[in-house]
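Examination of the molecular architecture
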Amino acid sequence: MTGTFVGMPKFPVAAHEALGNAQLRHNLAHATGTIRAKRQRLVDEVNENSDWEELRLSGAGVKESALRDLGNQLELLEASLTANGATVHWARDAAEANAIVASIAKSHDVDEVVKVKSMLTQEIGLNEALEAEGIAAWETDLAELIVQLGDDLPSHILVPAIHRNRAEIREIFLAKMGAVGRPAPDDLTDEPAVLAAAARAHLREKFLRAKVGVSGANFAVAETGTLVVVESEGNGRMCLTLPEVLISVVGIEKVVSTWDGLDPMLRLLPRSSTGERMNPYTSTWSGVTPGDGPQEVHVVLLDNGRTNALADEVGRQALRCIRCSACLNVCPVYERTGGHAYGSVYPGPIGAILNPLLKGPGSDDQVDSLPYASSLCGACFEVCPVLIDIPSVLVDLRAQVVDAHRGGVPSVEELAFKGAAVALSDSRKLGLGERFTGIGLRVARRFGASKWTSARDLPPAPRESFRAWWKRTDGGRK
Amino acid sequence: MRVALMVTCINDALYPGTGQAVVTLLRRLGVDVEFPASQTCCAQPMVNTGYLDEAVPVVRNFVDAFAGYDAVVTPSGSCAGCVRHQHSIVARRSGDAALATAVAETSPKVYELSEFLVDVLGVTDVGAYYPHTVTYHPTCHSLRMLGVGERPRRLLEKVRGITLLELEGADQCCGFGGTFAVKNADTSVAMGADKARQVRDTGAEVLVAGDNSCLTHIGGLLSREQSGVRSVHLAEILASTEGAVLGVTR
């Protein structure tokens, strides 16, 4: 049902197309600007009585200490979950995780599951894998429903339909809802409350019918064997409590050691993501509670490249990410191109590092283009609630991309930089004096003057370089 | 105090007037600045494009050129950021302990111009005169890598004759980003077009910033649009006096 990111072009190509979409540019500038302002107000509010920077340090510390002890923490989590009556499964990659979920669903003889919004199940293509097994996976988050009904792709971590406006959503509901359940009313308008009511009625019958629910988790507490889902709409609460069977697919980096560790995380996450002091629904469950909620609880702990990322000395900090999307909302590149250009369920600055870290630099041209999809302005690092130094990771990944391509026939770019390295390692090799003049312009031309001059004038070359002037005038004294 | 000017490769080749303005300004403030002629480039283009091996000889040249100075002043937040935050990465890559030591010695002595004026010399009124309406764009690396904060603004506020106009969305990137400007030219121009519009909306005659790389990008767009807005480096405004107003013809 939902589209796929497989076969997406490299970032500059995809961005070119997105930039030409005036409606998209307008929607994104408006939406990200609004969320940015809300977040900033709350950060300022925290700073009135305490210290946002202290909170960030504390949140980063909770994640970092768990990641540095990941093997032990995961075994603790497994033991706690098992003691609480949950069944723990381990999956190395997407295929293993999808097969586990499908086999559990099939063992209950169902042809549908209801889903809580989950980035990880999108990362592994769970819906498509279940569909191939004859099992329909219904997204129940409003925005994910819009994306799913529209055969579309998510373009934002938190607000996956951020690229759609309400007129488009009305069209999608009218055209598509009827084929998969309760249709939208004929008199549907594009009023947000009316659209939400249509989605509510459509989803309600799915919630009440489904025997199996599928979720991810925002956090997994090792000490208590507790999974946590943070959401706004309450659809997650429905999926987590109504079905008889609950399957949660959880990335191994979601573990926090103790219940107390949730304290800073639950303060940082809503403020950084939706710009709220507190999100409306926080669900926690620790295995099976007799007579209350799902009586069969499965937890699939998934790697899918995370141990590769953990082995990356600079990049491992990306595993602290709590998927708040503050970095998307402040990113000037994301604001212009939108999320689809990144070719992944993880767009924006975090996607530009997470995708290469999970998949490995040098494995794929599209993935290799992502670390370059940034002007390195640093706005992402400034807002990250868990202090991920995204610009530094981007620069390190660029070096890994270049290194992965060394040894073959050198590219024009590689030759240019090798030449520049020789010229710039000794001022005498530059020919000193006047000959230095204009080297910047020559370098610019070598990298493609047309790419510069198609929209920007080049500055005129000066009569003489600074060093020529200094030499001629003895530093202006003559 | 022995003070060296790190003019940067872009200023050396394209904006000698900015280097000359720093010399004029520092001499006026009693600093006999030297220009180590063996300097070339900070290596940022290599580092930020991923060519770390190619950056090694450039960083080696840098530490040789600036060894022995008490302070190194540069009219570029971006280049200062590279030296202070990235030279150690290059040194580690080289595996050369001597280079790492030299980098650790040199890097902390490198100051962006406004830092040097405010923090080292302790001045905000540099005796400048600039009778124009000006809007200030804080460049990303000076703002977020170095944390220069309000220093450039404090210097500008003390300039006689100047009218400072607020730039909307000032802290958002202009889209230059080094090789980003050509590798992702479409996105770079889209970002720059918004910045250029915001600059025009201020009604200022002059756009000022502490980095000529960013000004080349925004100025290139403003020039293509025949907006009539000049882009001028901070150093040129601070060096201007009643006798010689700089950056008028750029």
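Definitions and cut-offs
- Residues numbered from 1 in each chain as written.
- Chains lettered and ligands numbered in written order.
- Predicted model: local features only at pLDDT ≥ 70, side-chain atom pairs only at ≥ 80, totals over all residues.
- Helix = DSSP H or I, 4+ residues; strand = E, 2+ residues; numbered from the N terminus.
- Rg over C-alpha atoms; globule rule 2.2 N^0.38 Å.
- Buried ≥ 20, exposed ≤ 12 C-beta atoms within 10 Å, placed from the backbone.
- UniProt positions renumbered as here; feature names shortened; annotations may be inferred.
- Axes fitted to C-alpha atoms, helices over the stretch in contact; angles between N-to-C directions.
- Parallel < 35°, antiparallel > 145°, perpendicular 65-115°, else oblique.
- Left-handed = near helix turned anticlockwise from the far one by under 90°.
- Contact = placed C-beta atoms within 7 Å.
- Pairing = 2+ DSSP bridges.

Helix and strand content of chain B: 13 helices and seven strands. For a compact globule of 250 residues, the expected C-alpha radius of gyration is about 18 Å, and chain B comes in at 18 Å, within 12% of that figure. For chain B, the spread of C-alpha atoms along the principal axes amounts to about 50 × 45 × 30 Å. In chain B, buried positions account for 64% of the 250 residues.

As annotated in UniProt, the feature "domain: LUD" (unreviewed entry) corresponds to residues 75-302 of chain A in the numbering used here. Regarding residues 75-302 of chain A, the helix share stands at 42% and the strand share at 21%, and the terminal C-alpha atoms are separated by 13 Å.

Turning our eyes to something else, we now look at the packing of helix H9 (residues 166-180) of chain A against helix H10 (residues 192-209) of chain A. Residue and element names in this part refer to chain A. Contact pair H9 / H10: the axes reach a minimum separation of 11 Å and the direction vectors enclose 30°. Between H9 and H10, the angle falls in the class roughly parallel. Every pair of crossing elements has a handedness; the one defined by H9 and H10 is left-handed. Contacts between H9 and H10 pair Arg 166, Ile 169, Arg 170, Phe 173 and Met 177 from the former with Pro 192, Leu 195, Ala 198 and His 202 from the latter.

Attention shifts here to the interface of chain B and chain A. Listed by partner, the interface residues are 55 residues for chain B and 54 residues for chain A. Elements represented by at least two residues in the side of chain B that touches chain A include exactly helix H1 (9-13), helix H2 (16-28), helix H3 (44-49), helix H4 (52-66), helix H8 (140-146), helix H10 (180-183), helix H11 (185-202) and helix H12 (212-224) of chain B.

This paragraph deals with the sheet that holds strand E5 (residues 163-165) of chain B. Pairing between sheet strands relies on hydrogen bonds along the backbone, with the strands arranged either parallel or antiparallel. Residue and element names in this part refer to chain B. The strand order across the open sheet formed by four strands is E5-E4-E6-E7, and the pairing between neighbours is parallel. A strand with exactly one partner marks an edge of an open sheet, and here the two such strands are E5 and strand E7 (230-233). Averaged over all neighbouring strand pairs, the angle between strand axes comes to 35°, with direction disregarded. Bridge count for strand E4 (residues 133-136) against E5 is three bridges, and the pairing is parallel.

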